[in-house]
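Structural description and commentary
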Amino acid sequence: FVEEVAAFIRQLGHVPVPAQGDAFGLDFAITHPGTGHFGLGIECDSHHHPVLASARAREIWRASVLAHSVKRIHRVSSRGWYHHRADEEQRLRAAVEQAMKP
């Protein structure tokens, strides 16, 4: 699933950078061409980091920490990807386009 999402991002003309180390559940990020910083972090479905077991940690604390290195975060749903792929691809395309604006 994660590789399919990465392949789709490549089709959009971007390079998905795989998450390394302690990425708080992100699978990869896309570098903004104008700034050279990560413009969009992408997570594919689940939160793997043990500290993210609580909703508060996932939805409040994590966003605050990641905001220092990744401007926006987009979640790709595996259920949406496999059952309504065109819709999920459109959501991802729109998130990438928005995040890559100058």
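The sections below set out a description of the structure shown in this document. (Residues numbered from 1 in each chain as written. Predicted model: local features only at pLDDT ≥ 70, side-chain atom pairs only at ≥ 80, totals over all residues. Heavy atoms only, no water.)

1. Observations regarding the packing of helix H1 (residues 2-11) against helix H4 (residues 85-99)
Orientation of H1 relative to H4, taken along the N-to-C sense of each, is 55°, at an axis distance of 11 Å. Regarding the angle of H1 to H4, the classification is oblique. Both H1 and H4 take part in a crossing whose hand is right-handed. Listed contacts from H4 to Glu-4, Val-5, Phe-8 and Ile-9 of H1 are Arg-85, Glu-89, Leu-92 and Arg-93. (Axes fitted to C-alpha atoms, helices over the stretch in contact; angles between N-to-C directions. Helix = DSSP H or I, 4+ residues; strand = E, 2+ residues; numbered from the N terminus. Parallel < 35°, antiparallel > 145°, perpendicular 65-115°, else oblique. Left-handed = near helix turned anticlockwise from the far one by under 90°. Contact = heavy atoms within 4.5 Å.)

2. With respect to the side chain of Glu-88
Along the chain, Glu-88 turns up in helix H4. Not counting the four nearest positions on each side in its chain, Glu-88 is found in contact with Arg-75, Val-76, Ser-77, Gly-80 and Trp-81.

3. Some remarks on the pairing of strand S2 (residues 28-31)
Sheet analysis places strand S1 (residues 16-18) next to S2, joined by three bridges and oriented antiparallel. What sits directly across from Val-17, in S2, is Ala-29. The pairing of S2 with strand S3 (residues 38-44) spans four bridges and is antiparallel. Looking at S3, one finds that Ile-30 is bridged to Leu-40. As consecutive antiparallel partners, S2 and S3 are separated by six residues, and within that stretch Gly-36 has a phi angle of approximately 80°, a positive value. (Pairing = 2+ DSSP bridges.)

4. Regarding the layout of surface pockets
Counted as a void, the second largest pocket has a volume near 150 Å³. Lining the second largest pocket we find His-32, Thr-35, His-37, Phe-38, Gly-39, Lys-71, Arg-72, Gln-98, Ala-99, Lys-101 and Pro-102. Counting residues per element, the ones that place at least two in the lining of the second largest pocket are S3 and H4. Residues of the lining of the second largest pocket, tallied by class, amount to three nonpolar, five polar and three charged. (1 Å grid on protein atoms, 1.4 Å probe; cavity = no way out; pocket = protein on both sides within 12 Å on 5 of 7 lines; lining within 4 Å. Points joined across faces, edges and corners; volume = space filled by probe spheres on them. Nonpolar A, V, L, I, M, F, W, Y, C, P; charged D, E, K, R; others polar.)

5. Side note on the environment of Ala-6
Tracing the chain through its elements places Ala-6 in helix H1. The exposure class of Ala-6 is buried, given its relative accessible area of 4%. Each C-alpha atom of the pair Ala-6 and Pro-16 lies 6.0 Å from the other, and the pair is ten residues apart in sequence. If we ignore the near neighbours within four places in the chain, the residues touching Ala-6 are Pro-16 and Phe-28. (Buried < 20%, exposed > 50% of the residue type's maximum accessible area, 1.4 Å probe, protein only.)

6. Here's the deal with the packing of aromatic side chains
Under the defined criterion, the tally for this structure stands at three aromatic pairs. Ring centres 6.2 Å apart and planes at 70° place the aromatic pair Phe-1 and Trp-81 in the edge-to-face group. One end of the pair, Phe-1, is in the segment before H1; the other, Trp-81, is in helix H3 (residues 78-83), with 80 residues separating them in the sequence. Judged by relative accessible area, which is 24%, Phe-1 ranks as partly exposed. The exposure class of Trp-81 is buried, given its relative accessible area of 1%. A ring pair is formed by Phe-1 and Tyr-82, whose centres lie 6.0 Å apart and whose planes are at 50°; its orientation type is tilted. (Phe/Tyr/Trp six-rings, centres within 6.5 Å; stacked < 30°, edge-to-face > 60°.)

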